[in-house]
Amino acid sequence: MRNLTLALAVALAVAAPAAIAANSTTSVVVDNAKTQGTIRDLLGVNVPPTFASKTPGITYVATSLYTAFGVSQARLHDSGLDLCSIYKAATRLNVAVTPSTTVLGCTITASGSVPHFMWTPTSSLDADINNTANYDFTTADEVISKTIASGAKVYLGLAQNYNGPNDTTDPVAWAKVATNIYKHVIGVFKPTAGIAVDPAYVEIHNEPDGGFWRGDTATFITLYKESTTRVRAAASAAGKTLKVGGPGFTRDVLTKSQQSTNPANGFIQAVGASSLDFYSAHLYGKCANASMQTSATFLRDVRALADSQGGTGIPLHISEWNIGLGTECGNSFYANQQNQSFASGILTLMQDPSLSIDAAHYYAGVSVMSLFDFTTVTGAVRVNPAAWAFWAHAKLRGAAMLDAQVCQSNTCVAGYAADSAPLLVVAGQMSGGQEIVVTNDGTADVSYVLQVKGLGNAATVDATISTPPAGAKDLTASGSPVVADSAQLTTLMASAAKDVRSAQAVSGGAVSLSITIPARTLQVIEVRTTGTASTGSTGSTSTGSTGSTTSGSTGTGSTGTGSTGSTSTGSTGSTGSTSTGSTGSTGSTTSAQSDCIFNWA
């Protein structure tokens with residue numbers, strides 16, 4: 001019955017859009033008069049902006065890069081905040097061998113199979129668990145400090161590291177230690193000067209359906225529930241507002257959730273929906289074979305899975321995502337241009353309101369599979385193409401999301417659900433105008449018509465189409481710690497190609513632009529009103545510092561008064577009208593609009 005229920009949920013809960021023919025004219029339509037809530041900030045990454053080289057004494061710091069490209073959250077997993085590295089009064093046993101052996105550090109090098117690493121505090125008594133002498137927050141404090149300096153918020157993961165402990169005989173003691181780590185971060189347990197921050201979210205555990213948990217499901221459920229209850233209580237006692245959830249299931253969660261002995265099976269029912277302020281999972285593509293359709297299907301199916309387990313209304317977090325995982329792609333692959341369009345496409349898909357994704361974290365900001373690669377080129381940091389997706393979508397932060405569609409022939413689909421279309425689009429309404437991010441994840445250039453409508457009494461607009469540089473870009477990196485050259489970074493951030501189209505005529509509250517977007521890239525289009533039309537006694541005139549001359553489809557016009565004139569021409573019309581200023585008592589204007597492919601009214 002469980003399998004049948006899930007199958008129905010996956011099939012019915014979130015319907016995928018119909019495929020759009022690839023050989024028809026493409027149009028992107030943005031309606032400034034229709035908003036759909038606020039664009040969610042999904043610009044998180046895994047790993048803080050600092051990490052140590054394998055060469056002793058060398059540390060890399062990417063604080064300036066995180067800031068420049070708009071990273072807003074750092075998920076502090078695999079970053080020195082794991083329980084084993086911080087809490088010293090615990091037994092560490094490799095129980096995969098007989099007899100079990102003591103592990104000296106906090107990782108076991110795997111050799112063909114996932115290790116079974118048991119980590120348990122030596123005492124569960126509060127007096128021992130709360131003994132500050134048992135905790136070493138040195139690395140954790142440095143990580144938090146560098147994250148704060150970048151302007152990113154802390155996304156706190158209470159978990160163990162890769163190849164680290166993945167079982168315990170005392171889940172309650174585990175939860176107590178995890179709670180004290182949270183209390184340290186907010187500055188109430190063994191506080192460190194300058195380290196007191198409210199995490200954006202707290203995520204309990206990581207990938208328990210994979211190698212990060214080798215114990216039984218009942219123990220894991222206890223661990224999760226105890227951790228959530230205790231962390232919430234600590235937040236309440238400190239007067240903090242907190243959202244806690246988890247557990248960061250793997251990309252195989254849809255399969256693992258069907259296995260009766262796996263924690264993913266019936267997880268929400270087991271812990272109770274009230275124990276989850278969010279449900280988190282991970283998305284990884286198949287390197288060069290990664291696609292928008294496959295990724296969109298996964299996201300919709302995860303939404304359906306959570307709903308089928310009683311999690312309807314619980315937001316999703318995609319707390320790890322990338323085009324590929326680990327060594328599957330090879331580190332050099334992340335310098336390929338495809339990464340730019342894939343990352344921008346995923347950031348667009350995750351804006352779909354039906355998915356209810358509240359946070360997401362690219363893996364990773366630095367180190368491996370990264371936006372910023374300090375290790376491939378000696379003396380340089382490589383800015384990989386995916387970083388520009390963050391740059392682009394950061395321009396939408398805080399904006400009201402506008403209705404945006406991708407259309408071909410008579411078929412239109414929401415831009416954030418256009419995984420089967422040639423383009424994806426997300427648009428925001430800012431105080432100064434509209435910001436639009438268009439993504440082409442295909443292998444060929446796409447020519448399209450952008451129509452922005454709902455512009456009210458605008459007469460003219462300026463449009464700036466920005467296309468980031470293609471490929472990876474290397475910046476000199478030096479010093480101790482090693483950082484990117486600030487002057488070169490400033491130059492890079494100004495290097496996007498700009499196509500400026502001034503004084504574009506608006507007719508009927510809409511403007512149309514013909515644009516070509518290269519393959520595997522993105523564009524940011526900024527639209528700003530530069531002239532407005534006001535109503536006179538017998539008609540309307542265009543306003544602005546420069547008047548306009550507009551050809552119309554029918555009728556004759558009269559002239560208002562003003563300063564200087566410029567020209568804005570429609571596509572058809574026998575006679576036009578002239579408006580050379582900002583006001584006129586009897587002036588009228590009839591504007592022509594380029595022929596629309598569709599009737600957008």
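This text follows the structure it describes.
Now for a quick tour of the structure. Note that the structure is predicted; figures quoted are calculated from it, not measured.

Attention now goes to the overall build of the protein chain. Along its length, the protein chain carries 13 helices and 31 strands. Expressed as a percentage of the 601 residues in the protein chain, the buried residues total 55%. In the protein chain, of all internal contacts separated by at least 6 residues, the share reaching a separation of at least 24 is 77%. Taken as a whole, the protein chain presents about 22900 Å² of accessible surface, with 51% of it coming from carbon and sulfur.

Ranked by size, the top nonpolar core spans 157 residues in total, and within it Leu65, Tyr279 and Trp321 carry the most contacts. Residues in contact with tryptophan 321, not counting those within four places in the same chain, are Leu283, Tyr284, Phe342, Ala343, Ile346, Leu347, Met350, Ala360, His361, Tyr362, Tyr363 and Phe390.

This part takes up the sheet that holds strand β8 (residues 117-121). As summarised here, the arrangement of the three strands in space is β7-β6-β8, forming an open sheet in which the pairing is antiparallel. Two strands lie at the open edges of the sheet, namely β7 (101-102) and β8, each paired on one side alone. Pairing between strand β6 (residues 90-94) and β7: two bridges, direction antiparallel. Each bridged residue has a counterpart across the sheet, and for asparagine 94 the counterpart in β7 is threonine 101.

Moving on: the packing of helix α10 (residues 292-311) against helix α11 (residues 338-349). In contact at an axis separation of 10 Å, α10 and α11 are set at 30 degrees when each is read in the N-to-C sense. The two elements α10 and α11 meet at a crossing, and its hand is right-handed. Here Met292, Ser295, Ala296 and Leu299 of α10 come into contact with α11, specifically with Phe342, Gly345, Ile346 and Leu349. Here the residues of the contact of α10 with α11 sort into six nonpolar, two polar and no charged.

With that settled, consider the packing of aromatic side chains. This structure, assessed with the given rule, holds 25 aromatic pairs. Ring centres of tyrosine 135 and phenylalanine 137 lie 5.7 Å apart, and the angle between their planes is 10 degrees; this geometry places the pair in the stacked category. The exposure class assigned to tyrosine 135 is buried, which follows from its relative accessible area of 2%. Exposure remark for phenylalanine 137: the relative accessible area of 5% places this residue in the buried category. Measuring from centroid to centroid gives 6.0 Å for phenylalanine 333 and tyrosine 334, while their planes differ by 85 degrees, and the two rings are edge-to-face. Just as phenylalanine 333 is buried, tyrosine 334 falls in that class too. Feature note: the residues Trp213, Phe220, Tyr224, Phe249, Phe267 and Tyr279 constitute an aromatic cluster, connected by ring pairs.

Before going further, it helps to spend a moment on the state of the cysteines. Applying the stated rule across the entire model yields three disulfides. Here cysteine 84 connects covalently by a disulfide to cysteine 106, the sulfurs 2.1 Å from one another. Handedness here is read from the sign of the S-S torsion; for cysteine 84 and cysteine 106, about -85 degrees, the answer is left-handed. Taken together, the positions of cysteine 84 in helix α3 (residues 83-86) and cysteine 106 in the loop between β7 and β8 put the pair 22 residues apart, joining distant regions of the chain. Per residue, the accessibility class of cysteine 84 equals that of cysteine 106, and both read buried.

Looking at where proline 385 falls in the secondary structure, it is placed in the loop between β16 (380-383) and α12 (387-394). Given a relative accessible area of 0%, proline 385 falls into the buried group. Separated by 42 residues in the primary sequence, proline 385 and alanine 343 place their C-alpha atoms 8.9 Å from one another. With near-sequence residues (within four places) excluded, proline 385 lies in contact with Tyr334, Ala335, Asn336, Gln337, Gln340, Gly471 and Ala472.

This model, assessed by the stated rule, comprises 15 salt bridges. Aspartate 41 serves as the salt-bridge partner of arginine 397, at 3.2 Å between the closest nitrogen and oxygen. Of this pair, arginine 397 sits in the loop between α12 and β17 (400-408) while aspartate 41 sits in the loop between β1 (26-38) and β2 (44-46), and the two are 356 residues apart along the sequence. When its relative accessible area of 34% is taken as the criterion, arginine 397 is described as partly exposed. Two residues, aspartate 474 and arginine 382, come together in a salt bridge whose shortest N-O distance is 2.7 Å. Residue aspartate 474 is found in strand β23 (residues 473-478), and its partner arginine 382 is found in strand β16; the two are separated by 92 residues along the sequence.

Before going further, it helps to spend a moment on the side chain of glutamate 207. Take glutamate 207: it is sitting in the loop between β10 (201-204) and α7 (217-237). For the buried residue glutamate 207, which engages in no salt bridge, the nearest side chain bearing the opposite charge is arginine 75, 6.9 Å off. Polar contacts involving the side chain of glutamate 207 include one to the side chain of histidine 282, which spans 2.8 Å. Excluding residues within four positions of it along the chain, glutamate 207 makes contact with Phe212, Trp213, Pro247, Gly248, Phe249, Thr250, His282 and Glu320.

With that settled, the discussion passes to the sheet that holds strand β24 (residues 483-484). Spatially, the four strands line up as an open sheet ordered β15-β16-β23-β24, and their pairing is antiparallel. Looking at strand neighbours, the two that pair on one side only are β15 (372-373) and β24, the edges of this open sheet. As judged from the two bridges shared by β23 and β24, these two strands associate in the antiparallel manner. Paired with serine 478 across the bridge in β24 is valine 483. Along the sheet, helix α13 (residues 486-493) contacts β16, β23 and β24; its crossing angle with β23, the most-contacted strand, is approximately 160 degrees.

Below, the discussion takes up unusual backbone geometry. Residue proline 247 follows glycine 246 across a cis peptide bond; omega there is -5 degrees. Secondary-structure assignment places proline 247 in strand β11 (residues 244-249). Omega for the bond connecting tyrosine 363 with alanine 364 falls within 30 degrees of zero, at 10 degrees, which places this linkage in the cis form. As for its placement among the helices and strands, alanine 364 is situated in the loop between β14 (357-362) and β15. With a phi angle near 55 degrees, aspartate 78 is a residue other than glycine that sits in the positive phi range. The backbone of serine 367 sits at a positive phi, close to 80 degrees, despite the residue not being glycine. Note on placement: serine 367 falls in the loop between β14 and β15.

Here β1 runs beside strand β21 (residues 446-453); their pairing, made up of six bridges, is parallel. From the neighbouring strand, valine 29 faces β21, where its bridge partner is glutamine 451. Strand direction decides the pairing type here: β1 and β17, joined by eight bridges, are antiparallel. Bridging from a neighbouring strand, threonine 35 pairs with leucine 402 of β17.

Rules used in this analysis
- Residues numbered from 1 in each chain as written.
- Predicted model: local features only at pLDDT ≥ 70, side-chain atom pairs only at ≥ 80, totals over all residues.
- Heavy atoms only, no water.
- Helix = DSSP H or I, 4+ residues; strand = E, 2+ residues; numbered from the N terminus.
- Buried < 20%, exposed > 50% of the residue type's maximum accessible area, 1.4 Å probe, protein only.
- Contact = heavy atoms within 4.5 Å.
- Areas by Shrake-Rupley, 256 points an atom, 1.4 Å probe, with all protein chains shown as cover.
- Core = buried A, V, L, I, M, F, W, Y, C linked by side-chain atoms within 4.5 Å.
- Pairing = 2+ DSSP bridges.
- Axes fitted to C-alpha atoms, helices over the stretch in contact; angles between N-to-C directions.
- Left-handed = near helix turned anticlockwise from the far one by under 90°.
- Nonpolar A, V, L, I, M, F, W, Y, C, P; charged D, E, K, R; others polar.
- Phe/Tyr/Trp six-rings, centres within 6.5 Å; stacked < 30°, edge-to-face > 60°.
- Disulfide = S-S within 2.5 Å.
- Salt bridge = Lys/Arg side-chain N within 4 Å of Asp/Glu carboxyl O.
- Lys, Arg positive; Asp, Glu negative; His and termini not counted.
- Polar contact = N/O pair within 3.5 Å; in protein donor to acceptor, adjacent residues only side chain to side chain.

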